[in-house]
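So the chains spell out like this:
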Amino acid sequence: MRNLAAFTIPFVGLKLGKHQFEYEIDNEFFEHFEYDELNDTNVKVDLCLEKKTTMMEFTFKASGFVNVNCDVTNEPYDQPIDGSLFLVVKFGEEYNDDNEDLLILPHGEFEINVQQYIYELIVLSIPLKRVHPGVEDGTLDSEVLDKLEELSITNNENKKEDETDPRWDKLKNLLKDK
């Protein structure tokens, strides 16, 4: 996977202090990562880079929405996204990203690409179980929900109480004979 040039920050020419970057994330960004679970994307990422003498601190804040399919009904809906990520970048002998909060770049590096961190921030901000808000409050009218209601356990219990299996009637009589 190649790096997208828009997400590469050449930090060598920046003065010490805070620097702001803004990114508008859409479907094209996720196509680059071959991530196809999203129908539509509209996320704004604000990045604050604080450059210090021996290190840099990155603060990512993502807000917006992604359109996903509900896990219960498969109906598409807009899932709000609100997440943040803090990353410290230091310099060392060799590249090391073993720690999720600390990135070590080799001495002599002059730029950093932040596309992977933005991707992870957005994807990890999506809940594991995606449920349409209409399912939670009962306002969604869907054929899938109607079928689930028809096949639910509570409905089956009501039917079973009315219908008894004649094979078990003799055994029930044994209990009554005591």
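These notes cover the structure that comes with them.

About the cut-offs
Residues numbered from 1 in each chain as written. Predicted model: local features only at pLDDT ≥ 70, side-chain atom pairs only at ≥ 80, totals over all residues. Heavy atoms only, no water. Helix = DSSP H or I, 4+ residues; strand = E, 2+ residues; numbered from the N terminus. Buried < 20%, exposed > 50% of the residue type's maximum accessible area, 1.4 Å probe, protein only. Contact = heavy atoms within 4.5 Å. Areas by Shrake-Rupley, 256 points an atom, 1.4 Å probe, with all protein chains shown as cover. Salt bridge = Lys/Arg side-chain N within 4 Å of Asp/Glu carboxyl O. Phe/Tyr/Trp six-rings, centres within 6.5 Å; stacked < 30°, edge-to-face > 60°. Core = buried A, V, L, I, M, F, W, Y, C linked by side-chain atoms within 4.5 Å. Pairing = 2+ DSSP bridges.

Remarks on the overall build of the protein chain
Then step 1. Secondary structure assignment for the protein chain yields 6 helices and 7 strands.
Then step 2. Taken from N to C terminus, the helices and strands of the protein chain fall in the order β-β-α-β-β-β-β-β-α-α-α-α-α.
Then step 3. Counting across all 178 residues of the protein chain, residues that qualify as buried make up 34%.
Then step 4. Long-range contacts, defined here as pairs at least 24 residues apart, represent 57% of the contacts in the protein chain between residues at least 6 apart.
Then step 5. Summing over all exposed atoms, the protein chain offers an accessible surface of approximately 12,300 Å²; the carbon and sulfur share of this is 49%.

Regarding unusual backbone geometry
Then step 1. For Glu34, which is not a glycine, the phi torsion comes out positive at approximately 60°.
Then step 2. With a phi close to 65°, Asn74 is a non-glycine residue in the positive phi region.
Then step 3. By the secondary structure assignment, Asn74 is in the loop between β4 (55-69) and β5 (76-92).

With respect to the pattern of salt bridges
Then step 1. Counted according to the given criterion, the structure contains 5 salt bridges.
Then step 2. Here Arg130 and Glu37 are joined by a salt bridge, their closest N and O atoms 3.3 Å apart. Of this pair, Arg130 sits in the loop between α2 (115-125) and α3 (133-137) while Glu37 sits in the loop between α1 (27-32) and β3 (40-51), placing them 93 residues apart in sequence.
Then step 3. Taking the relative accessible area as the measure of exposure, Arg130 reaches 13% and is therefore buried.
Then step 4. Where Lys52 meets Glu57, a salt bridge forms, and the shortest distance between an N and an O atom there is 3.2 Å.
Then step 5. Residue class for Lys52 comes out partly exposed when judged on its relative accessible area of 31%.
Then step 6. Judged by relative accessible area, Glu57 falls into the buried class, the value being 16%.
Then step 7. One continuous salt-bridge network, built from bridges that share partners, spans Glu22, Lys44 and Asp46.

Points about the packing of aromatic side chains
Then step 1. Counted according to the given criterion, the structure contains 11 aromatic pairs.
Then step 2. The interplanar angle of 55° and the centroid separation of 5.1 Å between the aromatic rings of Phe7 and Phe29 together place this pair among those described as tilted. With Phe7 in the segment before β1 (8-10) and Phe29 in helix α1, this residue pair connects regions lying 22 residues apart in the sequence. The two residues Phe7 and Phe29 agree in class, both being buried.

Considering the nonpolar core
Then step 1. Judged by nonpolar contacts, the single largest core of 37 residues is most densely connected at Ile25, Phe58, Phe60 and Ile118.
Then step 2. Contributions of two or more residues to this core are made by β2 (17-25), α1, β3, β4, β5, β6 (102-106) and α2.
Then step 3. Discounting chain neighbours no more than four positions away, the residues touching Ile118 are Phe7, Tyr23, Ile25, Phe29, Val45 and Phe60.

Details of the pairing of β5
Then step 1. Where β4 and β5 come together, 15 bridges link them in antiparallel fashion. Within β5, the residue paired with Ser63 across the bridge is Asp82.
Then step 2. Remark: 6 residues form the turn of the hairpin made by β4 and β5, two consecutive strands paired antiparallel; Asn74 in that turn has positive phi of roughly 65°.
Then step 3. Across 5 bridges, the pairing between β5 and β6 is parallel. Within the sheet, the bridge partner assigned to Val88 lies in β6 and is Leu102.

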